[in-house]
Amino acid sequence: MTPPLGSRRAAHALAAATLSLSLAQCGQTPDPAALAANAAPAQGLTFEERFPAPEFRDRFPSVGESLPLRTPADFAPKPPPPRLASLEPQEPARRLREDLTTLVSMKSSAFPYFGDNPASDAPFLNVSNGERRGHRSFSGRVYWQDQTYNDNRVLVHVPEAFDARKPGVIVVFFHGNGATLERDVRDRQMVPQQITASGVNAVLLAPQMAVDAADSSAGKFWQPGGFKRFMDEAATNLARLTGNPASARTFASMPIVIVGYSGGFLPAAWSLEVGGISERVRGVVLLDAVYGQLDKFAGWIERNRSGFFVSSYTRYTARHDRELMTMLRSRNIEISDDMDRPLRPGSVVFVETDEGITHRDYVTQAWTRHPIRDVLTKMAAAQPPIRIAAGASSTVGDSSSR
């Protein structure tokens, strides 16, 4: 059967266009007349013939083409396949798990919180509008519980090279005011990337504090034993996410480094004072964050001479940092301003940063670029067993300077 005239013309045009492309790829240029003929619109074709309606398979991938759904078990280390003995050189084993960064809901996270504010011994939710409850901050602004204090998620990051069977550390990051976990902690401040780039055998926990608000409230971390409950629940979650539920006991005893940025000083201070596991805290890092609670920080430093303490500051917090230094000197605690040495147990370092360093960018640019990575690297230099160099990256992307 002879095909319709319109179809024959369309086929001829397609063949000519294909020939022209092939010649061009071979370095041969067709003559202008041929190009003009190929560019001419096909005549006699209907709209349906020129633009056929897409079929279902064109719009929706088949099961075989879809990306598989991932579960925590997918990230568990799997034993390598059996290999025959050979005298030939063998390829290095492939890595069986990628970096894992996810959000996990935890009952023991900072919020929701319905207890008292220890600063006033009054209920934290001290404002109501019908059935709606909220908190009036020190600035006088009201934040509502259902918008600002109702997110119990925790950003969890497990680097590809992390191995729970080796000595390690859990980094707990308390973000500052006006932050969310994804937009700020993960993307702008690049905290997970800094953990991985350090090459240290470490995992990250970053609880959501007040959501995108100018408020430093500590929520459940105000409560006696609140930090311990948080870390106990986190141990179970970390064991599940790494695919080895039996490792929960390992995570439950692993050393902790607390990093507090800006308004994160408040949950950091209360976690040290009443959290119930201050002996597990091997390091405290404050990034332009000494706005108060000096007695709590000084008390922890004095009681825990096996842990290190670093406070890096700008002119905004310089006065409080100097007050804290005076308190420590009165207790015969040696202070340094040198961040070029390993962070040995008992190190107490205060670093004033240059005038051009901005508070907003402090998590990615303080005394050095990527200060969290730098602290972990210097801690590992003093305690080599927690170092895992394999798979570590020496840099974080240039976008981290944001």
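If you're wondering where the values come from, they're calculated on a predicted model, not measured in any experiment.

**What about the overall build of the protein?**
Then comes step 1: Per the secondary structure count, the protein includes 13 helices and 13 strands.
Then comes step 2: For the protein, buried positions account for 46% of its 402 residues.
Then comes step 3: Taking as baseline every contact in the protein between residues at least 6 positions apart, the subset at least 24 positions apart corresponds to 77%.
Then comes step 4: Total accessible area on the protein is roughly 21,600 Å²; 54% of this is exposed by carbon and sulfur atoms.

**A short note on the sheet that holds strand β13 (residues 348–352)**
Then comes step 1: The strand order across the open sheet formed by eight strands is β1-β7-β9-β8-β10-β11-β12-β13, and the pairing between neighbours is mixed. For this open sheet the edge positions go to β1 (100–105) and β13, each flanked by a neighbour on one side alone. On average, each strand axis in the sheet is tilted by 15° relative to the strand beside it, whichever way the strands run.
Then comes step 2: By the bridge criterion, six bridges tie strand β10 (residues 256–261) to strand β11 (residues 281–287) in an arrangement that is parallel. Paired with Ile256 across the bridge in β11 is Val281.

**A look at helix α11 (residues 294–303)**
Then comes step 1: Extensive coverage of α11 is indicated by the burial of seven of its 10 residues.
Then comes step 2: Among the residues of α11, Leu294, Lys296, Phe297, Ala298, Gly299, Trp300 and Ile301 are the ones counted as buried.
Then comes step 3: Next to the buried residues of α11 lie α10 (265–274), β11, β12 (308–313), α12 (318–330) and β13.

**Examining the packing of α11 against α12**
Then comes step 1: In the contact formed by α11 and α12, the axes pass within 10 Å of each other and the chain directions differ by 40°. Classified by the angle between their axes, α11 and α12 sit oblique to one another. Of the two elements, α11 crosses α12, and the hand of that crossing is right-handed. For the pair α11 and α12, contact is made by Leu294, Asp295, Phe297, Ala298 and Ile301 and by His320, Glu323, Leu324, Met327 and Leu328, respectively.

**Considerations on the sheet that holds strand β6 (residues 142–144)**
Then comes step 1: As summarised here, the arrangement of the three strands in space is β4-β5-β6, forming an open sheet in which the pairing is antiparallel. The outermost strands of the open sheet, each flanked by one partner alone, are β4 (127–129) and β6. Within the sheet, the average angular offset between the axes of one strand and its neighbour, ignoring direction, is 35°.

**Re the pattern of salt bridges**
Then comes step 1: Applying the stated criterion across every chain yields a total of 14 salt bridges.
Then comes step 2: The partner of Asp163 in a salt bridge is Arg165, with the nearest N and O atoms 2.9 Å apart.
Then comes step 3: Assessed through its relative accessible area of 76%, Arg165 is described here as exposed.
Then comes step 4: Arg331 is the partner of Glu302 in a salt bridge, and the nearest nitrogen-oxygen pair spans 3.0 Å. Remark: Arg331 occurs in the loop between α12 and β13 and Glu302 occurs in helix α11; sequence separation between them is 29 residues.
Then comes step 5: For Glu302, a relative accessible area of 40% gives the class partly exposed.
Then comes step 6: The network of salt bridges with common partners includes Arg183, Asp184, Arg188 and Asp212.

**So, the nonpolar core**
Then comes step 1: Within the largest apolar cluster, 66 residues are counted, with the highest numbers of intra-cluster contacts made by Leu205, Phe227, Phe251 and Phe309.
Then comes step 2: Looking at which element gives the most residues to this core, the answer is helix α8 (residues 226–241), with eight residues.
Then comes step 3: Those residues within four positions of Phe309 in sequence are excluded, and the remaining contacts are Val284, Leu286, Phe297, Trp300, Ile301, Leu324, Ser347, Val348, Val349 and Phe350.
Then comes step 4: Counting residues in each nonpolar core, the second largest holds 33 residues, with Phe173, Val349, Tyr362 and Ile372 among its members.

**Here's the deal with the packing of aromatic side chains**
Then comes step 1: For the coordinates displayed, the defined rule picks out 14 aromatic pairs.
Then comes step 2: Each residue in the set Phe111, Tyr113, Phe124, Tyr149 and Trp222 is aromatic and connected to the rest through ring pairs, giving one cluster.
Then comes step 3: Looking at Lys296, its charged tip hangs above the ring of Trp270, at a distance of 4.3 Å from the centre.

**Observations concerning the confidence of the model for the protein**
Detailed reading of predicted coordinates is not advised where the pLDDT is low.
Then comes step 1: Chain-level pLDDT for the protein is 81 on average; 72% of the residues reach the 70-or-more range.
Then comes step 2: Predicted confidence for residues 13–44 stays below pLDDT 50, and this span has eight contacts to residues more than four positions away or in other chains.

**Brief notes about the pairing of β13**
Then comes step 1: In terms of burial, β13 is a largely internal element, four of the five residues being buried.
Then comes step 2: Where β12 lies against β13, five bridges are found, and the strand directions are parallel. Of the residues in β13, the one forming a bridge with Val310 is Val349.
Then comes step 3: On the question of chirality, the crossover connecting β12 to the parallel β13 by way of α12 is right-handed.

**What to know about the side chain of Ser311**
Then comes step 1: Looking at the element boundaries, Ser311 is found in strand β12.
Then comes step 2: The exposure class of Ser311 is buried, given its relative accessible area of 0%.
Then comes step 3: Not counting chain neighbours up to four residues away, the residues in contact with Ser311 comprise Leu286, Val290, Asp321, Val349, Phe350 and Val351.

**Re unusual backbone geometry**
Then comes step 1: A cis amide bond, omega 5°, links Phe111 with the succeeding residue Pro112.
Then comes step 2: On the secondary structure map, Pro112 appears in the loop between β1 and β2 (116–117).
Then comes step 3: With a phi close to 55°, Met190 is a non-glycine residue in the positive phi region.
Then comes step 4: For Met190, the location among the structural elements is in the loop between α6 (181–188) and α7 (191–198).
Then comes step 5: Overall, the relative accessible area of 5% leaves Met190 in the buried class.

Each value, and the rule that gives it
- Residues numbered from 1 in each chain as written.
- Predicted model: local features only at pLDDT ≥ 70, side-chain atom pairs only at ≥ 80, totals over all residues.
- Heavy atoms only, no water.
- Helix = DSSP H or I, 4+ residues; strand = E, 2+ residues; numbered from the N terminus.
- Buried < 20%, exposed > 50% of the residue type's maximum accessible area, 1.4 Å probe, protein only.
- Contact = heavy atoms within 4.5 Å.
- Areas by Shrake-Rupley, 256 points an atom, 1.4 Å probe, with all protein chains shown as cover.
- Pairing = 2+ DSSP bridges.
- Axes fitted to C-alpha atoms, helices over the stretch in contact; angles between N-to-C directions.
- Parallel < 35°, antiparallel > 145°, perpendicular 65-115°, else oblique.
- Left-handed = near helix turned anticlockwise from the far one by under 90°.
- Salt bridge = Lys/Arg side-chain N within 4 Å of Asp/Glu carboxyl O.
- Core = buried A, V, L, I, M, F, W, Y, C linked by side-chain atoms within 4.5 Å.
- Phe/Tyr/Trp six-rings, centres within 6.5 Å; stacked < 30°, edge-to-face > 60°.
- Lys NZ or Arg CZ within 6 Å of the ring centre and 35° of its normal.
- pLDDT = per-residue confidence, 0-100.
- Right-handed = clockwise from strand over helix to strand, strands pointing away.

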